Amino acid sequence: MCEIARANPGLNDLETLISSIQTACKTINSLVTRAHITGIVGYADGGGSINVQGEEQKTLDVLTNDVVKRALRFTGKMGVIASEEEEAPVDVLEDEGVGQYSDEAGDAIIDEAGRYTAVFDPLDGSSNVDAGIPTGTIFGIFDMSAAECVLPEVQEGCDDLYSPAVEDDCEGAVSEECMAATLQPGSSLVASGYCLYSSSTFFALTLGAGVQIFTLDPHIGEFVLTHPNVAVPQRGAIYSLNEANRKAWDAPLRTYIEDLQDGNGESGERYTARYIGSMVGDVHRTLLYGGIFGYPADSKNANGKLRL
């Protein structure tokens, strides 16, 4: 990342952001690895805590969400973040309790506007974490320098972004500009990637010109580039879908999967099934080995369940 920033001065701010995300990933890796020792397994608040996607939150969902928020906040580069564990975008420029530094004239020595918006899932696959199955952190960074993002203090009746009860003049409502800044298409990302917590801890990153994968060296506590310029192999032999939903798939999809299993596809090779249930793990394997990964639409989920 340092080499990229030197060659592209306009990316200096991103260097700080990516470094902070790496630090968050190291912290989360430690939390996940020691979860059973420290007793931070199971559901948050004893169960019943639901996130914005309708999924029951694990204790680690809540803890890791706080880790990523803190890491991003103190970069001084973030304006707004949007997390899977939060109902609405969150302002990270709150400076209560943070020391303020100024010169003799009273002007701020460092005055950094929040240029970027971050979207993330702090612990993808958290439903598997108690069983030691691979999990991960997913993140994306958007440029919001031209957006006027307004996140007033939350008021009663105005705290639910998705509630039809929120009035147009409610002072607690999130501005349309702010929503536009956090709900941009994936093609507008300036950086994105994931951390995978498994047999090794991997950090995958793209700035839009190739994918680089780093591996955490526990002896020095740093991510080391181990997979430069990753490209999905032209042809794989693995398909990764939740086959428990097979009966709910439409007929063409069922036929296609059966053809892969029987070797009736273009390659003539019989595909095997590998499905972890943690998107980061399945995506990581597909990046390295090739094949197909998806969560296609079915009669229960008309738009599928993968979210960018």
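Before reading further, recall that the structure is shown in the block above.
The notes below deal with the structure included here. (Residues numbered from 1 in each chain as written. Predicted model: local features only at pLDDT ≥ 70, side-chain atom pairs only at ≥ 80, totals over all residues. Heavy atoms only, no water.)

### A short note on helix 2 (residues 12-33)
Here helix 2 spans 32 Å end to end across 22 residues, near enough to the 32 Å set by a 1.5 Å rise per residue. Along helix 2, the residues classified as buried are Leu14, Leu17, Ile18, Ser20, Ile21, Gln22, Ala24, Cys25, Ile28, Asn29 and Val32. (Helix = DSSP H or I, 4+ residues; strand = E, 2+ residues; numbered from the N terminus. Expected span 1.5 Å × (residues − 1). Buried < 20%, exposed > 50% of the residue type's maximum accessible area, 1.4 Å probe, protein only.)

### Comments concerning the state of the cysteines
According to the stated counting rule, one finds one disulfide in the structure shown. With a sulfur-sulfur separation of 1.9 Å, Cys25 is cross-linked through a disulfide to Cys195. As the torsion about the S-S bond is roughly 85 degrees, the Cys25-Cys195 disulfide counts as right-handed. One end of the pair, Cys25, is in helix 2; the other, Cys195, is in strand 5 (residues 191-197), and 170 residues separate them in sequence. Per residue, the accessibility class of Cys25 equals that of Cys195, and both read buried. (Disulfide = S-S within 2.5 Å.)

### Examining the pattern of salt bridges
Pairing of side chains with opposite charge becomes possible as their charged atoms draw close. Enumeration according to the criterion identifies seven salt bridges in this entry. Across the pair Arg235 and Glu266 runs a salt bridge, and its minimum N-O distance is 3.8 Å. You can see Arg235 sitting in the loop between strand 8 (222-230) and strand 9 (238-240) and its partner Glu266 sitting in the loop between helix 6 (251-262) and strand 10 (272-273), a full 31 residues away along the chain. Residue Asp282 is joined to Arg285 by a salt bridge in which the shortest nitrogen-to-oxygen separation is 3.0 Å. Of the two residues, Asp282 and Arg285 are both situated in helix 7 (residues 279-289); the distance of three residues between them amounts to about one turn of the helix. (Salt bridge = Lys/Arg side-chain N within 4 Å of Asp/Glu carboxyl O.)

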